[in-house]
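Residues per chain are reported as follows:
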Amino acid sequence: MSDNNHSEETLLIARHLSGETTSAEEEALQKWIALSSANEKIFLKFKRIYEVSGKIYNRSGGDALDIDVEKEWNHFVKEAEQKGKTIEFNPQTKGGMWLRIAAALLLVIASGVVINYFVGKGREQIYQTAENTEIISLPDGSTVSLNRNSILTVKNSFADKNREVELLGEAFFEVVPDSQRPFTIQVGEAQVTVLGTSFNVQNLDSRNEVEVIVETGIVKLGSNEINQSVELKAGEKGVFRKNEKEIISNQNTDLNFLSWKTKTVIFNNTDLKSVVETLESTYGVEITISAEVSADCEITVTFENQSLESVLKVLKSTLDLTYRREGNKIEITGVGC
């Protein structure tokens with residue numbers, strides 16, 4: 001259930017935050033929140049955005065954020081019309097503060113900033129990214145680099161006897177050593193347990209695998225469901241196959257497993273298909289190849305903190321590529337090698 005697919009609920013929440021809901025609207029909102037824990041999390045997330053952004057639109061008449069509300073609202077209306085909906089709004093009219101809040105909420109979400117909000121009485125803490133990565137400091141001094149479109153949940157018991165978090169998406173962990181309090185990451189049906197080390201964890205809905213690659217120290221990848229685990233040392237990769245219910249390990253050969261974080265990309269006689277997969281992961285874009293590509297089409301080059309446009313220009317020159325780009329979508333239409 002994504003926020004972008006719930007424009008009507010967004011408007012209702014915005015009216016609630018501005019104190020402008022009717023009794024019928026308030027009742028409808030509360031019923032929607034009670035339908036599922038996912039709905040409750042969406043509501044609490046929007047409320048948290050409203051709180052941490054300085055109320056987004058203050059009651060004295062000015063914007064707490066530097067937002068062109070009319071522009072953002074027009075963008076929102078355009079998207080709604082494409083879905084067959086009609087919404088009318090003049091951002092300058094009296095009583096329109098809730099709509100200004102709605103426009104600002106949508107802008108904050110679309111900007112890709114990390115959202116930090118709490119759920120339930122135990123104040124479970126959740127961090128969620130959209131189009132940007134974010135570095136998160138945990139109470140024990142450990143740090144987590146959270147990749148795009150990922151969710152990190154810090155359990156309410158964290159920093160007591162155990163240090164437990166849950167991950168959906170991808171993150172790089174640098175865990176402070178503490179032999180008395182193991183650090184555990186729940187990744188679906190698998191668990192990653194460490195005392196103190198650095199490693200990358202990938203748990204994507206779109207993939208059948210949970211992947212752990214260790215940079216330093218020792219990590220244990222296991223699953224209570226199959227009563228199996230494996231110890232991974234620096235330079236090793238462990239994979240839990242969700243459908244097959246098995247864990248395998250081997251040496252990591254992927255030089256670019258952290259390119260999304262470091263923005264350093266290394267290609268060593270790398271074929272174009274693999275190049276494309278790495279660029280998609282590093283820059284958060286979608287690249288398709290509509291041209292025929294020879295098996296001999298390979299490249300050796302290293303990029304450090306280069307923009308995607310700079311990388312594409314080098315590839316264009318080296319491989320004689322032709323491509324067209326629209327936003328985050330790139331189509332390679334010709335290859336000279």
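Residues numbered from 1 in each chain as written. Predicted model: local features only at pLDDT ≥ 70, side-chain atom pairs only at ≥ 80, totals over all residues. Heavy atoms only, no water.

Some words on the packing of helix α7 (residues 272-283) against helix α8 (residues 308-319)
Right, so step 1: Contact pair α7 / α8: the axes reach a minimum separation of 12 Å and the direction vectors enclose 170 degrees. Judged by the inter-axis angle, α7 sits roughly antiparallel to α8. Between α7, through L272, V275, L279 and Y283, and α8, the contact on the second element is made entirely by L308, V311, L315 and L319.
Right, so step 2: The class makeup of the residues in the contact of α7 with α8 is 8 nonpolar, no polar and no charged. (Axes fitted to C-alpha atoms, helices over the stretch in contact; angles between N-to-C directions. Helix = DSSP H or I, 4+ residues; strand = E, 2+ residues; numbered from the N terminus. Parallel < 35°, antiparallel > 145°, perpendicular 65-115°, else oblique. Contact = heavy atoms within 4.5 Å. Nonpolar A, V, L, I, M, F, W, Y, C, P; charged D, E, K, R; others polar.)

Observations concerning the packing of aromatic side chains
Right, so step 1: For the coordinates displayed, the defined rule picks out 4 aromatic pairs.
Right, so step 2: Seen in terms of ring centroids, F158 and F183 are 5.9 Å apart; in terms of plane orientation they differ by 80 degrees. Their pairing is edge-to-face. Remark: F183 occurs in strand β7 (residues 183-187) and F158 occurs in the loop between β5 (151-154) and β6 (163-174); sequence separation between them is 25 residues. When sorted by exposure, F158 lands in the same class as F183, which is buried.
Right, so step 3: For the pair F173 and F183, a centre-to-centre distance of 6.0 Å together with 70 degrees between the ring planes defines the contact as edge-to-face. With F173 in strand β6 and F183 in strand β7, the pair connects residues that are 10 residues apart, well separated along the chain. In terms of burial, F173 and F183 fall into one category: buried.
Right, so step 4: Here a set of aromatic residues connected by ring pairs shows up, and it is made of F158, F173, F183 and F199. (Phe/Tyr/Trp six-rings, centres within 6.5 Å; stacked < 30°, edge-to-face > 60°. Buried < 20%, exposed > 50% of the residue type's maximum accessible area, 1.4 Å probe, protein only.)

A word on the sheet that holds strand β18 (residues 322-326)
Right, so step 1: What the 3 strands build is an open sheet, ordered β16-β19-β18; its pairing is mixed. Where the open sheet ends on each side, the last strands, each with one partner, are β16 (286-289) and β18. Direction aside, neighbouring strands of the sheet carry axes that sit 20 degrees apart on average.
Right, so step 2: As judged from the 5 bridges shared by β18 and strand β19 (residues 329-334), these two strands associate in the antiparallel manner. (Pairing = 2+ DSSP bridges.)

Some points on the confidence of the model for the chain
Right, so step 1: On average, the chain scores 81 in pLDDT, and the residues at 70 or more come to 76%.
Right, so step 2: Confidence drops under a pLDDT of 50 for residues 85-95, and excluding neighbours within four residues, the segment shows 16 contacts in the predicted structure. (pLDDT = per-residue confidence, 0-100.)

Remarks on the nonpolar core
Most often, soluble globular proteins have nonpolar side chains that are buried together.
Right, so step 1: In this structure, L152, F173, F183, I185, V192, F199 and V201 are the most contacted members of the largest nonpolar core, which totals 30 residues.
Right, so step 2: The dominant element in this core, judged by the number of residues it contributes, is β6, at 4 residues.
Right, so step 3: Other than its neighbours up to four places away in sequence, I185 contacts V165, L167, F173, A190, Q191, V192, F199 and V201. (Core = buried A, V, L, I, M, F, W, Y, C linked by side-chain atoms within 4.5 Å.)

A short note on α7
Right, so step 1: If you check α7, its first and last C-alpha atoms are 16 Å apart, about what 12 residues at 1.5 Å a residue would give, namely 16 Å.
Right, so step 2: Taken as a whole, α7 has its buried residues at L272, V275, V276, T278, L279, T282 and Y283. Projected onto a plane normal to the axis of α7, the buried residues spread over an arc of 165 degrees and lie on a single side.
Right, so step 3: For α7, the secondary structure elements touched by its buried residues are α6 (259-262), β15 (264-271), β16, β17 (298-304), α8 and β19.
Right, so step 4: The N-terminus of α7 is capped by D271, whose side-chain oxygen sits 3.2 Å from the backbone nitrogen of K273.
Right, so step 5: Just downstream of α7 lies G284, where phi reads positive at about 65 degrees. (Expected span 1.5 Å × (residues − 1). Arc of directions from axis to C-beta. Polar contact = N/O pair within 3.5 Å; in protein donor to acceptor, adjacent residues only side chain to side chain.)

Looking at the pattern of salt bridges
Right, so step 1: Tallying each qualifying case throughout the model produces 12 salt bridges.
Right, so step 2: Here R15 makes a salt bridge to E25, at a shortest N to O gap of 2.9 Å. With a gap of 10 residues between them, R15 in helix α1 (residues 7-17) and E25 in helix α2 (residues 23-35) connect regions that are remote in the sequence.
Right, so step 3: By relative accessible area, R15 is classed as buried at 15%.
Right, so step 4: Close ionic contact of K245 with E225 constitutes a salt bridge, the shortest N to O distance being 3.0 Å. Of this pair, K245 sits in the loop between β13 (236-241) and β14 (246-251) while E225 is found in the loop between β11 (218-223) and β12 (228-233), placing the two residues 20 residues apart along the sequence. (Salt bridge = Lys/Arg side-chain N within 4 Å of Asp/Glu carboxyl O.)

Re the pairing of β5
Right, so step 1: Pairing of strand β2 (residues 124-128) with β5, which is carried by 4 bridges, proceeds in the antiparallel orientation. The residue bridging Q128 from the neighbouring strand is I151, located in β5.
Right, so step 2: In the sheet, β5 pairs with β6 via 4 bridges, with the strands oriented antiparallel. If you follow L152 over to β6, its bridge partner there is L167.

What to know about α8
Right, so step 1: Taking 1.5 Å per residue, 12 residues should reach 16 Å; α8 reaches 16 Å between its end C-alpha atoms and fits that length.
Right, so step 2: Within the span of α8, buried status applies to L308, V311, L312, L315 and L319. Looking straight down α8, one finds its buried side chains confined to an arc of 100 degrees; they lie on one side. The outward face of α8, more than 90 degrees from its buried face, is lined by the exposed residues K313 and S317.
Right, so step 3: Among the structural elements, α7, β17, β18 and β19 are those in contact with the buried residues of α8.
Right, so step 4: Where α8 terminates, the next one or two residues include D320, which has phi positive at roughly 55 degrees.

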